[in-house]
Each structure stands twice: as structure tokens, then as C-alpha cells.
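# Coordinates in review
One letter stands for each residue in the lines below.
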Amino acid sequence: MSDIRHHPSERINPDCAHAQRALYLIADLRALTSAECGPESVRGLCRAVVPRLRDEGGFTLLELVIVIGMIAMLLVLVGPAFTALTRRTDVSGAIYGVKGVLENARAYAKANHTYVFVGFAEVDSSVDPSVSPQITTGDTPYGRVAMAIVAAKDGTAQYEYATSDQGNDWKANYANGAHLIAVGKLQTYENLHFVPLDFGSWTPTAHPDSKMARYQPTGSPYILSNALSKSVTPFTWPLGSPLDSGYQYRFDRVVNFDPTGIARIATSTNGDAIAHVIEIDFEPAHGTVFQPLPADFNQDVGSHTVIQLGTTSGAVRVYRP
């Protein structure tokens, strides 16, 4: 066999060979990072890099460092996308969780011919959820929304709209919730905030292409997060704790369903009126931090959500930009 010798100018410099292999790897990684980031991209990275290393007889320390560095860069790119996706998923899960609670509460009221009360409370999400009481005052009582359902044991409301001092009869009859029964477990949702304003007029006629266009009244007792929508039928959790102390959560914002399934927000001034719809408005929070929404903002822009409850029909609709 003849001895084949390379001309000196044709000899391959080992450093150049490593660099060339590294460039191949970088090209593969660059193509992946320019594509949409996600689990498939990471799996694609492995499929692209491993065969090349196997075919070329393993890899050197330099090549390993380059690959690890590029993977780290890829994770930096993917991280924010996954974080945003998780946050959107959390908020969506919370919104549809609230929707399901309202539907179940109405169904229970009709099936058992009784009054059902659905309580809402927003508390300071930086406080451990096991602490009693949960913090609802101060500078940052935001970011964790809790819900609970209770029903009257005897089928009566335990309060009368006709009384002159609305709500005093409820307090007199409350007896640490002795006449109530818990329906299901306490529900809590993180990174969620009540929107404390009434959305302005946003009718389908004026906004025919809007996903948020709907009929909506303003003011209490139509908007649960309105400052005047404090209920005259508050209750505490765990059920059995008094109204003024010894509780973990106190629910002052309450939607109640009568035995026919009609929903109301019973405030001190609304009498026995039945609103056309009730709205519960939310937006995402980052812990205790949220972006305040101006009263005249464009409802078609943003990450806020409206849950609209038909008081007589029981239809629960979700509106999002």
C-alpha cells in the first residue's frame, strides 16, 4: 500500500477541526433558537447534536463547553415564554374555576330548594394561606382570591329585605353559622385581583367587532367588586367561626341564589331588586402587585376578564379581550 502523505498546506490543524465541528454545532443550535421555543425545540436540539457527535467520534472538552453554553442561552430564551404561558394558564384556570363554582351553587340551590351563598374575598397573597385571619387590610391586600359556598339548612334566607335596618336580622340569626352548611371546600386562586371599577358602556352596537362588547349595568348591586357591593349576608370560614373574630376568611362580597335559582347581591340599599346581569371583574396580579385600570380604558386591550352571570337564566359567560 502506498504511503499517502498530505502536503503541508493540506494538513488539518486539530484546533481548526475542533472549531469547524463547533461551528457545525452552533449552526444547528442557531437554527433551533430562531425557531419557536418549546419542548419540541429542546428535543430537536438533542436529535441534532447527538448524532453529529456520535458520527464524528465523540466530543472534546471545548465542544462540550460550547454545547452547554448554547443550551444555557436557549433556556434563557425559552424561560420567559414558559413563564408567560404558565401565568396565562393559571389565570384561565382561576376564571373557569370561578365560573364552575357559580354554576354549581345555582344547581345546588334549585336541587335542594334552599338559599345558597357564594362568598368572595381578596387577601394579601404574601401571607401564608394557612394563617388566620387572612389579611384584607393594609397597603397590599391583593393577589389571592378565595371562594366558599354555604347553604341554609332549613331552606330560609335568614334575612328579610323589608326590614328597616338591612342585615341586622342576618347578624342576629347568624349564630356562628349554625343555620348554614358548607357546600364543598374552600377554593383559593393565586395571582388574581378584583378589578375595583365599573366598566364603562361597551355595547355590541358601538363595538361590533369587540370580544368584550356586552350589555352591562354599572354600580352596586350589579358589579361585585364595586365598593358599595358589600353584602348584608356576610359569613366566615371555617364555617362555625363568629363574624367578628376567630375566622380564617370573612366573606363580605356575596352572591346568593334563591330556591328558584335567581341570583342577587344583597346590599343595604338595593331592596329585593333583580338585576339583569351581575358582573365579577378580574385581572392578573404578580403576587400583591397589579396594574390599575383607568376608568376610560380600552376594554379590548389588556389581560382583564369579565365573568357575567345572568341572574334569572343562570348563564355564566366569560369575556376576555
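Residues numbered from 1 in each chain as written. Predicted model: local features only at pLDDT ≥ 70, side-chain atom pairs only at ≥ 80, totals over all residues. Heavy atoms only, no water.

Side chains that are nonpolar tend, in soluble globular proteins, to be buried together. If you look at the biggest cluster of nonpolar residues, it comprises 30 residues, and the most contacted ones within it are L102, V118, F120, F257 and F282. Listed by contribution, the elements that provide at least two residues to this core are α3 (61-112), β1 (116-124), β2 (143-152), β4 (187-194), β7 (253-257), β9 (277-284) and β10 (305-310). If one sorts the elements of this core by residue count, α3 sits on top with eight residues. Setting aside anything within four residues of it in sequence, one finds F257 in contact with L102, A105, R106, A109, T114, Y115, V116, V118, I262, A263 and L309. Within the second largest apolar cluster, 20 residues are counted, among which are L180, V232, L243 and A266. (Core = buried A, V, L, I, M, F, W, Y, C linked by side-chain atoms within 4.5 Å. Buried < 20%, exposed > 50% of the residue type's maximum accessible area, 1.4 Å probe, protein only. Helix = DSSP H or I, 4+ residues; strand = E, 2+ residues; numbered from the N terminus. Contact = heavy atoms within 4.5 Å.)

On to the side chain of Q166, then. Mapping Q166 onto the fold places it in the loop between β2 and α4 (168-174). Those residues in contact with Q166, other than ones at most four positions away along the chain, are E160, Y161, V232, T267 and S268.

Of all residues in the protein, 77% attain a pLDDT of 70 or more, and the chain-wide mean is 82. The low-confidence segment residues 1-12 (pLDDT under 50) makes two contacts with residues lying over four places distant or belonging to another chain. Residue range residues 81-89 is modelled with pLDDT below 50. Its contacts to residues more than four positions away, or to other chains, number three contacts. (pLDDT = per-residue confidence, 0-100.)

We now examine the environment of D198. Within the secondary structure layout, D198 lies in the loop between β4 and β5 (235-237). Measuring from C-alpha to C-alpha, the distance between D198 and D281 comes to 8.7 Å, with 83 residues separating the pair along the chain. Each residue touching D198, except ones within four places of it in the same chain, is listed here: T218, G219, I223 and N226. Among the polar contacts listed, one links the side chain of D198 to the backbone nitrogen of G219, at a separation of 2.7 Å. (Polar contact = N/O pair within 3.5 Å; in protein donor to acceptor, adjacent residues only side chain to side chain.)

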